[in-house]
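# Report on the structure
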Amino acid sequence: MKRNIVITGGAGFIGSHVVRLFVNKYPEYNIINLDKLTYAGNLANLKDIEDKPNYKFVKMDICDFDAFYQLMQDEQIDGIIHLAAESHVDRSIKDPFTFARTNVMGTLSLLQAAKLYWESLPEKYEGKRFYHISTDEVYGALSMTHPEGIEPPFTTKASSSQHHEAYGEDFFLETTKYNPHSPYSASKAGSDHFVRAFHDTYGMPTIVTNCSNNYGPYQFPEKLIPLFINNIRNRKPLPVYGKGENVRDWLFVEDHARAIDIIFHEGKVAETYNIGGYNEWKNIDIIKVVINTVDRLLGRKEGEDLDLITYVTDRLGHDARYAIDSTKLQRELGWEPSLQFEEGIEKTVKWYLENQEWLDNVTSGVYQKYYENMYQVK
Ligand SMILES: NC(=O)c1ccc[n+]([C@@H]2O[C@H](COP(=O)([O-])OP(=O)(O)OC[C@H]3O[C@@H](n4cnc5c(N)ncnc54)[C@H](O)[C@@H]3O)[C@@H](O)[C@H]2O)c1
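What you see is a predicted model, and the numbers here were worked out from it, not measured in a lab.

### Thoughts on the overall build of the protein
- Of the regular secondary structure elements, the protein holds 13 helices and twelve strands.
- When its C-alpha atoms are laid out on the principal axes, the protein stretches across 65 × 50 × 35 Å.
- Within the protein, the proportion of its 378 residues that are buried is 57%.
- Residue pairs in contact within the protein that sit at least 24 positions apart in sequence constitute 84% of those at least 6 positions apart.
- A total accessible area of about 16000 Å² is found for the protein, and carbon and sulfur atoms account for 52% of it.

Here it is as structure tokens:
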């Protein structure tokens with residue numbers, strides 16, 4: 001079946017994997033990558049598919065209601081997969097307004113334009129879908145007390161289940177009450193509420209998913225894993241917040257993209273699905289794994305760069321622990337993570353080391369200057 005789908009934020013980290021998957025897997029679809037190309041958007045992430053006939057890039061701000069409404073009509077859009085967002089917690093602490101504008105007002109603008117266009121059609125919402133990608137951070141923080149003898153990392157479903165039993169319900173479920181702590185998570189929570197309100201008020205066929213921390217190729221090197229790979233490569237200090245005790249649940253980005261594909265096509269309207277990797281790590285432990293892997297792959301002595309670790313003042317309002325229970329998604333739609341963490345991290349470190357030009361261009365900002373000339377950024 002032919003479909004006309006807009007993927008917002010497709011030049012970013014996760015969005016580029018989603019765009020690539022859809023363009024390659026569904027040649028009969030028109031895939032439109034809509035992105036403002038902020039500092040985090042980089043079309044070099046999509047070099048391998050940019051000439052495919054079913055792919056088009058549109059440079060647009062999601063807050064531009066008129067432009068998006070026009071695009072909906074021109075391209076007869078029937079599906080929206082919405083990933084565009086300001087996504088870095090540290091930036092949100094410094095500049096919360098930008099986060100409210102893009103994440104809340106931008107999402108509202110897309111919803112309202114989609115509503116007006118879809119309601120103007122004879123079939124209205126039939127066959128339409130507004131799929132909003134959110135984060136586990138909206139749920140707040142979980143407890144850090146680990147029962148004796150049961151400590152992270154938990155890198156398989158089995159060890160995670162053992163942990164689950166010990167903790168009882170101390171995981172994020174789809175029913176967990178929202179309790180965001182950072183301006184980033186507050187803005188994502190606000191956008192999630194608007195998406196659900198458009199279903200409840202107007203009957204728009206919406207879906208929301210909340211995913212844990214992603215890692216993998218093409219992530220902007222301000223986030224922990226690519227930043228540290230780059231710093232270890234260049235023997236620069238590795239700034240670790242507090243004691244590095246905070247726990248995060250890590251998912252390989254291609255597994256997230258695969259989940260998005262399944263949920264977009266088979267997920268139930270008005271539902272929420274949690275997506276997670278059954279892969280909980282303390283930050284300090286994950287950093288040690290990254291150091292050992294980079295050292296080994298660069299032919300250095302494993303652990304040689306451990307002394308680059310530099311403890312710095314903790315991030316304001318730093319959430320202690322996130323952990324996702326994605327049983328619902330497994331049970332109802334049959335998705336589960338395909339990669340063991342060891343495999344995923346090896347693949348990731350190799351990718352950054354083999355793509356040093358990408359890393360250097362991104363860290364120096366060269367890619368932005370190139371696209372500024374191309375797209376006449378105002
Ligand atoms: N990275 C993670 O670990 C993670 C986990 C769960 C959920 N999420 C969510 O997934 C989505 C994508 O995250 P990411 O890590 O790929 O982010 P990213 O920062 O790498 O990419 C965001 C993209 O959105 C674009 N964008 C920003 N503002 C825009 C605007 N006003 N108009 C149009 N485009 C704009 C940027 O140019 C960029 O290409 C976000 O909604 C984020 O909240 C991320």
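Now that the structure has been shown, the text picks up again.
### Thoughts on the pattern of salt bridges
- Going through the model one piece at a time under the given rule, you end up with 24 salt bridges.
- For glutamate 119, the salt bridge is made with lysine 115, and the minimal N-O distance between the two is 3.5 Å. In this pair, glutamate 119 and lysine 115 both sit in helix H4 (residues 96-119), four residues apart, roughly one turn of the helix.
- Here the residues in one salt-bridge network are Arg235, Arg300, Glu304 and Asp305, joined through shared partners.

### A look at the packing of aromatic side chains
- Summed over all chains, the structure comprises 20 aromatic pairs.
- For the pair tyrosine 218 and tryptophan 358, a centre-to-centre distance of 6.0 Å together with 80° between the ring planes defines the contact as edge-to-face. Here tyrosine 218 is found in the loop between strand S7 (213-215) and helix H7 (224-233), whereas its partner tryptophan 358 is found in helix H12 (residues 356-364), with 140 residues between them in sequence.
- When its relative accessible area of 16% is taken as the criterion, tyrosine 218 is described as buried.
- Each member of the aromatic cluster is reached from another via a ring pair, and the members are Tyr215, Trp250, Phe252, Trp281 and Phe341.

### Quick notes on the packing of helix H1 (residues 13-25) against helix H8 (residues 253-266)
- Two numbers describe how H1 lies on H8: the axes approach to 9 Å, and their chain directions differ by 60°. The pairing of H1 with H8 is recorded here as oblique in orientation. The element H1 and its partner H8 pack so that their crossing is right-handed. Seen from H1, the contacting residues are Phe13, Ile14, His17, Val18, Leu21, Phe22 and Lys25; seen from H8, they are Val253, Glu254, His256, Ala257, Arg258, Ile260, Asp261, Phe264 and His265.
- Grouping the amino acids of the contact of H1 with H8 by side-chain chemistry returns nine nonpolar, three polar and four charged.

### Some remarks on the confidence of the model for the protein
- Put simply, the protein has an average pLDDT of 92, and 93% of its residues get 70 or more.
- Predicted confidence is poor over residues 374-378, with pLDDT under 50, and the contacts of this stretch with residues over four places away or in other chains come to seven contacts.

### Considering the site of the ligand
- What surrounds the ligand is a group of 28 residues, the closest being Ile14, Asp35, Ser87, Tyr184 and Lys188.
- In this structure, glycine 12 approaches the ligand through a main-chain N or O atom, which is 3.0 Å from an oxygen atom.
- Within the side chain of lysine 188, a nitrogen or oxygen atom sits 2.6 Å from an oxygen atom of the ligand.
- Considered on its own, the ligand offers 830 Å² of accessible surface; in the complex 96% of this is hidden by protein.
- At the level of elements, H1, strand S5 (129-135), helix H6 (183-202) and S7 are the ones that each hand at least two residues to the shell around the ligand.
- By residue number, the principal contributor to the shell around the ligand is S5, which donates three residues.
- Looking at the shell around the ligand residue by residue, the classes come out as 13 nonpolar, eleven polar and four charged.

### Topic: the nonpolar core
- Ile7, Phe22, Ile81, Tyr131, Ile263 and Ile275 are the most contacted members of the largest nonpolar core, which totals 34 residues.
- Those elements that provide at least two residues to this core are strand S1 (4-8), H1, strand S3 (55-59), S5, strand S6 (206-211), H8, strand S10 (272-275) and helix H10 (327-333).
- The element best represented in this core is H8, accounting for six residues.
- One finds Tyr215, Trp250, Ile287 and Leu308 within the second-largest nonpolar core, a separate group that totals 31 residues.

Parameters at a glance
Residues numbered from 1 in each chain as written. Predicted model: local features only at pLDDT ≥ 70, side-chain atom pairs only at ≥ 80, totals over all residues. Heavy atoms only, no water. Helix = DSSP H or I, 4+ residues; strand = E, 2+ residues; numbered from the N terminus. Buried < 20%, exposed > 50% of the residue type's maximum accessible area, 1.4 Å probe, protein only. Contact = heavy atoms within 4.5 Å. Areas by Shrake-Rupley, 256 points an atom, 1.4 Å probe, with all protein chains shown as cover. Salt bridge = Lys/Arg side-chain N within 4 Å of Asp/Glu carboxyl O. Phe/Tyr/Trp six-rings, centres within 6.5 Å; stacked < 30°, edge-to-face > 60°. Axes fitted to C-alpha atoms, helices over the stretch in contact; angles between N-to-C directions. Parallel < 35°, antiparallel > 145°, perpendicular 65-115°, else oblique. Left-handed = near helix turned anticlockwise from the far one by under 90°. Nonpolar A, V, L, I, M, F, W, Y, C, P; charged D, E, K, R; others polar. pLDDT = per-residue confidence, 0-100. Near = heavy atom within 4 Å. Polar contact = N/O pair within 3.5 Å; in protein donor to acceptor, adjacent residues only side chain to side chain. Core = buried A, V, L, I, M, F, W, Y, C linked by side-chain atoms within 4.5 Å.

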